[in-house]
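Chains, contacts and geometry: an overview
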Amino acid sequence: VADIDAARSAAGLNSIGDIPGDIKGVWVPEKGPAVPLNERPRDPLAKGTAYLVARNMTEGEVFGTVLHEIGVHAGMKELVGDRFDALLARAWKMKDQDTDLGREVRAHVEAEKTAMEREGMSGPALDERLRHEALAYLVEFQPQHGIVRRLLARLRAWLEVRFKGA
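The sections below set out a description of the structure shown in this document. (Residues numbered from 1 in each chain as written. Predicted model: local features only at pLDDT ≥ 70, side-chain atom pairs only at ≥ 80, totals over all residues. Heavy atoms only, no water.)

Observations regarding the pairing of strand β1 (residues 25–29)
Put simply, the rule reads: The buried label goes to any residue with under 20% of its type's maximum accessible area, the exposed label to any with over 50%, and the partly exposed label to all in between, with areas taken from a 1.4 Å probe on protein chains only. By the criteria applied, helices consist of DSSP H or I runs no shorter than four residues and strands consist of E runs no shorter than two, each listed in order from the N terminus. Note on pairing: two strands pair once DSSP finds at least 2 bridges between them.
Counting buried positions along β1 yields 5 of 5 residues, so the element is predominantly enclosed. On β1, burial covers both faces: G25, W27 and P29 on one face and V26 and V28 on the other are all buried. Bridge analysis of β1 against strand β3 (residues 48–52) gives 5 bridges, and the strand direction is antiparallel. When the bridges of β3 are listed, V28 appears paired with T49. Looking at chain direction, β1 and strand β2 (residues 35–36) are connected through 2 bridges and run antiparallel.

Focus on helix α5 (residues 123–141)
Put simply, the rule is: By definition here, a helix of n residues has an expected span of 1.5 Å times n minus one.
In this model α5 runs 27 Å from its N-terminal to its C-terminal C-alpha over 19 residues, within 8% of the 27 Å that 1.5 Å per residue would give. L126, R129, L130, H132, E133, A134, L135, A136, Y137, L138 and V139 are the residues of α5 that are buried.

Some points on the nonpolar core
In globular proteins that are soluble, nonpolar side chains generally tend to be buried together. The condition that has to hold: The nonpolar core is taken to be a set of buried Ala, Val, Leu, Ile, Met, Phe, Trp, Tyr and Cys residues, with the residues joined through side-chain atoms within 4.5 Å. Residue contacts follow a heavy-atom distance rule, with two residues in contact if any of their heavy atoms lie within 4.5 Å.
In this structure, M76, L87, V105, L135, L138 and V139 are the most contacted members of the largest nonpolar core, which totals 26 residues. Excluding residues that lie within four positions of it along the chain, V105 makes contacts with K95, A134, Y137, L138 and F141.

Some details on the packing of helix α3 (residues 84–94) against α5
This is how the line gets drawn: Structural elements are reduced to axes, namely lines fitted to C-alpha atoms, with helices fitted over the stretch in contact, and the angle between N-to-C directions of any two is expressed from 0 to 180 degrees. Here the word oblique covers every angle except those under 35 degrees (roughly parallel), over 145 (roughly antiparallel) and from 65 to 115 (roughly perpendicular). Throughout, the ten residues Ala, Val, Leu, Ile, Met, Phe, Trp, Tyr, Cys and Pro are labelled nonpolar, Asp, Glu, Lys and Arg are labelled charged, and all others, Gly among them, are labelled polar.
Running from amino to carboxyl end, α3 crosses α5 at an angle of 75 degrees, the nearest separation of the two axes being 8 Å. With respect to α5, the axis of α3 lies roughly perpendicular. Residues F84, L87, L88, A91, W92 and M94 of α3 form the contact with α5, whose own contacting residues are E128, L130, R131, H132, A134, L135 and L138. When grouped by side-chain class, the residues that make up the contact of α3 with α5 number 10 nonpolar, 1 polar and 2 charged.

Okay, here's the thing in structure tokens:
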């Protein structure tokens, strides 16, 4: 699906205005029907397109969700290369800290784990997906964290090189 009109149509909506106020995004998998973003497959490595419905989100939610979905699930591994596994390990350790951020990330990772297990995921594949989610939620909930600021600096540098003169 190449654009939001196709996503809207795939989701059975007549217009963008038909998207209910509690739906903050639409997930369109490579194969299959579009679903609300919160009903997407729990595999963070699943291929598809996420569309955010900005009018149904606060400014902070938009920024955090973009960092979560695009920054971690869609492009961070390419952006940081060999350092990605170290970032996953660091985020995994941070979720276990007795801090507000650690508790918030841990709660979301546990919810993702329950949903993934319900979908039949287990073993090393489950562990790998949960590490991705820990990093994604860290980035989403604490966009001013040092890890996130360094990643954004790398992203800006990468964009400047990639789109120089565009």
